[in-house]
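Close look at the chain arrangement
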Amino acid sequence: MTAEPARAAALTLEVAERVAESAAVVSLRLRAAAGELPPFLPGQHLPLRLNLPERSLATYTISSDPGDLSAYRLSVKLEPGGKGGSRHLHGLQPGDQLQAEVPRGRFVLQEDDRPVLLLTGGIGITPALSMLHALARQPDRPVVFLHACRSRDDLCFAEELAGLEARMPGLTRITVFAEGSAADLETARCQHLGLIDRALLRRLLPLDAWQAYLCGPDGFMAAMRAALASLGLPDGEIRQESFGGAPAPVPAAPAARAAGATADAPTIRFARSGTEAVWDGSQPSLLDFAEAQGLSPDFSCRAGICGSCACRRLDGETEHTEELIDSPPEGEILLCCSVPKGDVVLDL
Ligand code: FES
């Protein structure tokens, strides 16, 4: 499965169960209100329509076993100020319904038998949980799961992880508490105190031929990526998903585009809506430009991370203004960080 174009088919989901995983994290098991749930790949997220003023879709990673389609489990951390829909989701109770799109996302576990490093921070554990359930079907495959959190109060899913560990002889699980104690080590709540750094990675891992999956706050991932690279892991073997909290600021318009319309300014045609307008360089991206024409493309992060704004380019050339973590499939662009290089026709 790959990133979906905008306006994928809608699902009506119903909360089947609500579980408090910690003081800040709640898991919701969501089943189909009618029919069956579409399949998902380990690591993909579920776009929810929560009617938030700041984004049309709020995306949450599915933390459950991809082999169990009786429900999707979302595990949601209550963000400061209840941002991004987390307060709404924390307030849901069994029987409540919500609207979603089909699961999407390209941060997915690769299907082969190479050793895997899952390196997660905080609530970035959620895609790793889904990946571990998938990896449990290859129990001897070497897997190192290295998870960092602040303290024992923030540690979630301990029982579920212990169950996976018991079924997976190839799994090495190491939990790191930034603010732990000797008692945490003695009781095996964690195996390391402090931070995950290059020295710890070097001690734990022979990194040749490994695939690494990083998920956590942006600063955590930047540090982990740099440490792995310095230990010789090729950049192409490192995949990552941001759980950075607040959306990144909208990228600034390239200077060459900021000067206003000229005689040879590109024409942007939105084929499905029959709308056409001249790109005058005043908008930072094709997403902003489409909105300025009265269109409502899907979006969430507005930073080239979530894939919600993926759109098919029917004709013409565009360029991405951000360095993308994960490129969209051939023929699609991420509207939130794309500008035209000439006349363009979009499937919108
Ligand atoms: S809105 Fe998230 S990638 Fe564009």
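Residues numbered from 1 in each chain as written. Predicted model: local features only at pLDDT ≥ 70, side-chain atom pairs only at ≥ 80, totals over all residues.

Digging into the sheet that holds strand β16 (residues 332-334)
Remark on secondary structure: sheet strands pair via backbone hydrogen bonds, oriented parallel or antiparallel. Reading across from one edge, β14-β13-β17-β15-β16 is the order of the 5 strands in this open sheet, with mixed pairing throughout. The open sheet has two free edges, formed respectively by β14 (275-278) and β16, since each of these has just one partner strand. Adjacent strand axes in the sheet meet at a mean angle of 45°, parallel and antiparallel pairs treated alike. Bridge count for strand β15 (residues 310-320) against β16 is 3 bridges, and the pairing is antiparallel. In the sheet register, A310 faces β16, and the bridge partner there is L334. (Pairing = 2+ DSSP bridges. Helix = DSSP H or I, 4+ residues; strand = E, 2+ residues; numbered from the N terminus. Axes fitted to C-alpha atoms, helices over the stretch in contact; angles between N-to-C directions.)

Side note on the nonpolar core
Grouped together as the largest cluster of nonpolar side chains are 83 residues, with contacts concentrated most on L118 and L335. Residues within four places of L335 in sequence aside, it is in contact with S285, L286, L287, A290, P297, C309 and C311. (Core = buried A, V, L, I, M, F, W, Y, C linked by C-beta atoms within 7 Å. Buried ≥ 20, exposed ≤ 12 C-beta atoms within 10 Å, placed from the backbone. Contact = placed C-beta atoms within 7 Å.)

Thoughts on the pairing of strand β11 (residues 211-216)
β11 sits mainly inside the fold: 5 of its 6 residues count as buried. The sheet contact formed by strand β7 (residues 116-121) and β11 spans 5 bridges and is parallel. When the sheet's bridge partners are listed, T120 is paired in β11 with C215.

Details of the sheet that holds strand β12 (residues 238-242)
One open sheet holds the 6 strands; their spatial order is β10-β9-β8-β7-β11-β12, and the pairing between them is parallel. One side of each edge strand has no neighbouring strand; the edge strands of this open sheet are β10 (192-193) and β12. Here strand β8 (residues 143-149) runs beside strand β9 (residues 171-177); their pairing, made up of 7 bridges, is parallel. Counted as the bridge partner of V143 is L171 from β9.

A short note on the confidence of the model for the protein
Per-chain confidence: the protein averages 86 in pLDDT, with 90% of residues scoring 70 or above. Confidence drops under pLDDT 50 across residues 1-6; counting only partners more than four residues distant or on other chains, this segment forms 27 contacts. Between residues 245-260, whose pLDDT stays under 50, and residues either more than four places distant or in other chains, the model counts 26 contacts. (pLDDT = per-residue confidence, 0-100.)

Description of the environment of D326
Within the secondary structure layout, D326 lies in the loop between β15 and β16. Given 16 C-beta atoms within 10 Å, D326 falls into the partly exposed group. For D326 and E241, which are 85 residues apart along the polypeptide, the C-alpha to C-alpha distance reads 9.0 Å. Those residues in contact with D326 that lie beyond four places of it in its chain are R106 and F107.

Structural notes on helix α2 (residues 125-135)
Within α2, 9 of the 11 residues are buried, which leaves the element mostly enclosed by the surrounding structure. All of the buried residues in α2 are I125, T126, P127, A128, L129, S130, M131, L132 and L135.

As for unusual backbone geometry
Phi at A188 takes a positive value of approximately 65°, unusual for a residue other than glycine. Mapped onto the elements of the fold, A188 is located in the loop between α4 (182-186) and β10. What makes A188 exposed here is the crowd of 9 C-beta atoms within 10 Å. The phi dihedral of R302 is positive, around 55°, even though this residue is not glycine.

Some details on the pairing of β7
When you tally the buried positions in β7, you get 6 out of 6 residues, the bulk of the element. Crossover handedness for the path β7 to α2 to β8: right-handed. (Right-handed = clockwise from strand over helix to strand, strands pointing away.)

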